[in-house]
Amino acid sequence: MPCSLLNFCEYETNKLVRIKSIPIGSLKWSINGLILGFICIMLFWNKEYQEYDQVVSSVTAKVKGVAVTNITDVGEILWDAADYSGLSQGKNSFFVMTNAIVTNKQRQGKCAEVPGSGKICYRDQDCTKGYSDQHSHGVQTGSCVKYDTTRKTCQVVAWCPIESKNKPPKPALLESAENFTVLIKNNIRFPAFNYIKRNILPHMNDTYLKSCMFSRRMDPLCPILRLGDIVQEARENFSQMAVEGGVIGIQINWHCNLDRFFHKCLPEYSFRRLDEKESNKTLYPGLNFRFARYNMNNGIEERMLFKAFGIRFDVMVFGKAGRFSIIQLVIYIGSTLSYYALTTVFIDWFITTYLYPRCCARATKNNYSEKKYETVEELNQIPLCISFVDEDQIIVVKRPLKKSLQETKPSSSQHRKPEHSFGRTRVLVNLLQSPSRNADTEIQEMQPPKGRGRSAPAWCQCGRCQPMPTPQEQLCCRRSKGQCITTSPAFPRLVLDRHTLESALLYREPLLELPQARCHGHLRHCAYSLYIEWRFGRIQTGTFAAVPSCSVWRIRDEYPSEDGRYSGLCYENMVIISSNG
C-alpha cells in the first residue's frame, strides 16, 4: 500500500460480537460488579487516591535513674546517668550499663600473663621478648614466671593485676536499672508537603511530662518510657538480659493522613530484640566493652578497669504521609480499567468450553465462534477447493503443489452445502425463463473451441482441457473419463449468458457502466464467480475454489481478453475474486 499523508488520518477499532443472551448478560454484569467492588475497596483501603512522601527524622534520648552497688574489693559505688549511660552514645541510640567485671588498683608494671590469654611456659626460652598478639594484655619480657602453684606463664609489661574474670556476675550488678526511664525526643519532617511534627505533642505540657509513663493501654503517646517496660514489650526478661547485655530496637512509626477532613499524624511505638539472645547459638553473646577510671596514689597512676555489660537501645523511625492527589486518582482509575478485560477472557472461556453447552444452546457457541474468530493463512499455504462433476463432494487440497492439481492427494473432503442465495435463485429463474437456443447453437457449444487442437493434456479426463502454465491451474472438471461440464445445457445459461452476467454485475454495483466494448474483463470474472457459486455453494472460510481448465477456456473463448493475455490462478486473484483471472 503506497504511503501518503492520508494513511495517518485513519482510525482503527476492534471487531466486537454482541450476544443477546440473558445468562451471558447476567454473568457479564455480575463479574463487572465484582471487579468494581474490588477496585473501590482497594481505592479506599489502601488510599490509592493519595500521593506519598517518606519521613525524615532526628532522635535524641535522655536517661534518668540512680543506683548503688556493692562490689567485692571495691565497696559501694553510686551510679547515675553520667556513669551508666554516657559511655557509648551512638546515632539514634543510647546505652545503659547493667553489669560489670571490676579489676581494682591496676598499675603499669610487670606481671604474669593470664593463662587464657597468654602462653603456658616451662623455661625462659619458651617466651619471646617484645612479642604480643591480639589476645594478650601486654608485651612479653622474655621471662617465664610463676602464675600460681601449678602453672607458669610468660611475663608481660601491662596494667597489673591483669583482669582474670571472664564471666559476668549473676545476678547483674545494676539489675535495678529496669526502673530507669528514658525521654525520647523525635522530630520528623515530610519535605514534599513541608510538614513538621514531633512526638512531644502540643497538649503535652511540663506537668504532663513529669507524671506520664508510656503504657500500651493507658498512655501509648507518652514519650517517657521505663526500661523494664521496653524490654517486656520486646518479650524479654530484664533480669536475664541484664547479665550479658543485648540490643533492643525501639520502632517509631508515623503513618500520617494529611487530608483535611481525615487528618491524623501520631506516633506508634513498637519494640523487639535485635541481637541473638541464645548463648549456645553464638560465640560472643550480649554486648560489652571496657572503660577505666584513673586516679593518683602516692604519685603513682592507678586505674579501676570496668568490663561493662549493658543494653543498647536503637531508635528506628519509619513512616510516610499521604495527601489527596487528583493525578494519583486518575492514574489508579486508568490502571484498573484493564481489570474489565478479565470479564471478556472469562466469558470467552466459558462459552468455548464444555461448561457453556450444559446450560445454554450449543448452536450459540458455534455461531459465536464463527463470528468472533476468523482464520487467516499465509498466501503460499491457502487451501484450494475442487469440485468434480462426477463426485458429490468438495475436496480440499493444501498448498504448495508439486504436481498438477488434478493428481494431488486431497487433505480433506466435505459434502456440498447447497444454499439458495439471492444470486443463485436469480440465475435459476433466468435459466427457466430464458428462451432455449436452437439446435445448431447447442451443437456448436459442444464442439471443441476453435483455434486450438483437440489434443488434451494427460491429466484431462473430459477431452476439452488445455495445457496450463502452473500446477494449481492443471485441473479437469471430472475425476474419471466422461462428458465435460461445458457440454451441459445448463453451462451456457448459468455461466455464459450475457444477460445473466450483466444482471449479476449491476446487482453488485448498480451504477456500473457496461459498454458493449471493453467489458469482457468484468463479464469474464463474473462468469468465474457464478461458476464457483453454482458448483461449490458455501465453502469453508479461508479456502478458495479452483475452476477447471475446460471451463476457464470456455469462458475465455466467450469473453476473450483484448490483448490475449490472462493472469491465471495467482494468489492475488484468489484473494480478490476467489477464482481464476
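Cut-offs used in this document
Residues numbered from 1 in each chain as written. Predicted model: local features only at pLDDT ≥ 70, side-chain atom pairs only at ≥ 80, totals over all residues. Heavy atoms only, no water. UniProt positions renumbered as here; feature names shortened; annotations may be inferred. Helix = DSSP H or I, 4+ residues; strand = E, 2+ residues; numbered from the N terminus. Contact = heavy atoms within 4.5 Å. Areas by Shrake-Rupley, 256 points an atom, 1.4 Å probe, with all protein chains shown as cover. Buried < 20%, exposed > 50% of the residue type's maximum accessible area, 1.4 Å probe, protein only. Pairing = 2+ DSSP bridges. Disulfide = S-S within 2.5 Å. Expected span 1.5 Å × (residues − 1). Patch = residues over 30% accessible without salt bridge, like charges linked within 9 Å, V, L, I, M, F, W, Y side chains within 5 Å. Salt bridge = Lys/Arg side-chain N within 4 Å of Asp/Glu carboxyl O. Phe/Tyr/Trp six-rings, centres within 6.5 Å; stacked < 30°, edge-to-face > 60°. Lys NZ or Arg CZ within 6 Å of the ring centre and 35° of its normal. Polar contact = N/O pair within 3.5 Å; in protein donor to acceptor, adjacent residues only side chain to side chain.

- A UniProt comment under Catalytic activity (unreviewed entry) is attached to the chain, and it reads "Ca(2+)(in) = Ca(2+)(out)".
- Its UniProt record gives the chain the following Function (unreviewed entry) comment, quoted word for word: "Receptor for ATP that acts as a ligand-gated ion channel."

**Observations concerning the overall build of the chain**
Phase 1 of the analysis: Counting its regular elements, the chain contains 16 helices and 18 strands.
Phase 2 of the analysis: Of the contacts formed within the chain by residues at least 6 apart in sequence, a portion of 65% connects residues at least 24 apart.
Phase 3 of the analysis: A total accessible area of about 34,800 Å² is found for the chain, and carbon and sulfur atoms account for 53% of it.

**A word on the environment of Glu533**
Phase 1 of the analysis: Locating Glu533 in the fold gives a position in helix α14 (residues 520–536).
Phase 2 of the analysis: For Glu533, a relative accessible area of 22% gives the class partly exposed.
Phase 3 of the analysis: Remark: the alpha-carbon pair of Glu533 and Ala545, spanning 12 residues in sequence, is separated by 9.6 Å.

**Brief notes about the pairing of strand β13 (residues 288–297)**
Phase 1 of the analysis: Relative to strand β14 (residues 300–324), β13 is paired through 10 bridges, and the arrangement is antiparallel. Bridging from a neighbouring strand, Asn295 pairs with Glu302 of β14.
Phase 2 of the analysis: Hairpin geometry of β13 and β14 is characterised by an intervening segment of two residues between the two adjacent antiparallel strands and by a positive phi of about 55° at Asn298.

**A closer look at the state of the cysteines**
Phase 1 of the analysis: Inspection of the entire model under this criterion finds five disulfides.
Phase 2 of the analysis: Between the sulfur atoms of Cys256 and its disulfide partner Cys265 the distance amounts to 2.0 Å. An S-S torsion of about 55° defines the bridge between Cys256 and Cys265 as right-handed.
Phase 3 of the analysis: For the chain, numbering the cysteines in disulfides from first to last along the sequence yields the connectivity 1-6, 2-4, 3-5, 7-8, 9-10.
Phase 4 of the analysis: In this structure Cys462 is a free cysteine whose sulfur lies 3.5 Å from that of Cys476, the closest cysteine sulfur available.

**Structural notes on helix α1 (residues 22–45)**
Phase 1 of the analysis: Its 24 residues place the ends of α1 34 Å apart at the C-alpha level, agreeing with the 34 Å of an ideal helix rising 1.5 Å per residue.
Phase 2 of the analysis: One or two positions beyond α1, positive phi appears at Lys47, with a value near 50°.

**Examining a nonpolar patch on the surface**
Phase 1 of the analysis: On the surface, Phe324, Ile326, Ile327, Val330 and Ile331 cluster together into a nonpolar patch covering about 500 Å² of accessible area.
Phase 2 of the analysis: Here the element with the most residues in the nonpolar patch is helix α6 (residues 326–336); it accounts for four residues.
Phase 3 of the analysis: By the element assignment, Ile327 lies in helix α6.
Phase 4 of the analysis: What makes Ile327 exposed here is its relative accessible area of 55%.

**Looking at the packing of aromatic side chains**
Phase 1 of the analysis: Scanning the model with the defined rule gives 19 aromatic pairs in all.
Phase 2 of the analysis: Here Phe214 and Phe271 contribute two aromatic rings whose centre-to-centre distance is 5.7 Å and whose plane-to-plane angle is 75°, an arrangement assigned as edge-to-face. Here Phe214, found in the loop between α3 (206–211) and β10 (224–226), pairs with Phe271, found in strand β12 (residues 267–273); they are 57 residues apart in sequence, far enough to count as distant. Take Phe214 and Phe271: they sit in the same class, and that class is buried.
Phase 3 of the analysis: Aromatic side chains Phe346 and Phe350 sit 6.4 Å apart centroid to centroid with 15° between the ring planes, which places their arrangement in the stacked category. You can see Phe346 and its partner Phe350 sitting in helix α7 (residues 341–352), four residues apart, about one turn around the helix.
Phase 4 of the analysis: Lying over the aromatic face of Tyr52, Lys320 brings its terminal NZ or CZ to 4.4 Å of the ring centre.
Phase 5 of the analysis: Between the NZ or CZ atom of Arg556 and the centre of the ring of Trp553, over which it lies, the distance is 4.8 Å.

**Observations concerning the pattern of salt bridges**
Phase 1 of the analysis: Counting across every chain of the model gives 14 salt bridges.
Phase 2 of the analysis: One salt bridge connects Asp148 with Arg151, and the closest N-O pair in it is separated by 2.9 Å.
Phase 3 of the analysis: The salt bridge involving Arg479 is made with Glu391; its shortest N-O contact spans 3.3 Å. Separated by 88 residues along the polypeptide, Arg479 in the loop between α11 (439–446) and α12 (490–496) and Glu391 in the loop between β15 (384–387) and β16 (393–397) bring together distant segments of the chain.
Phase 4 of the analysis: A relative accessible area of 32% means that Arg479 is categorised as partly exposed.
Phase 5 of the analysis: What you see here is one network of salt bridges that share partners, running through Glu178, Arg226 and Asp229.

**Comments concerning the environment of Thr72**
Phase 1 of the analysis: With respect to the helices, strands and loops of the structure, Thr72 is situated in the loop between β3 (67–71) and β4 (75–79).
Phase 2 of the analysis: For Thr72, a relative accessible area of 65% corresponds to the exposed category.
Phase 3 of the analysis: Linking Thr72 and Asn104, residues 32 residues apart in sequence, is a C-alpha distance of 9.7 Å.

**Thoughts on the side chain of Asn99**
Phase 1 of the analysis: Among the structural elements, Asn99 can be located in strand β5 (residues 93–112).
Phase 2 of the analysis: Asn99 sits in the buried class, given a relative accessible area of 1%.
Phase 3 of the analysis: Of note is the side chain of Asn99, whose polar atom sits 2.8 Å from the backbone oxygen of Pro169.
Phase 4 of the analysis: Beyond its immediate sequence surroundings of up to four residues, Asn99 is in contact with Pro168, Pro169, Ala172, Leu173, Ala242, Val243, Lys307, Ala308 and Phe309.

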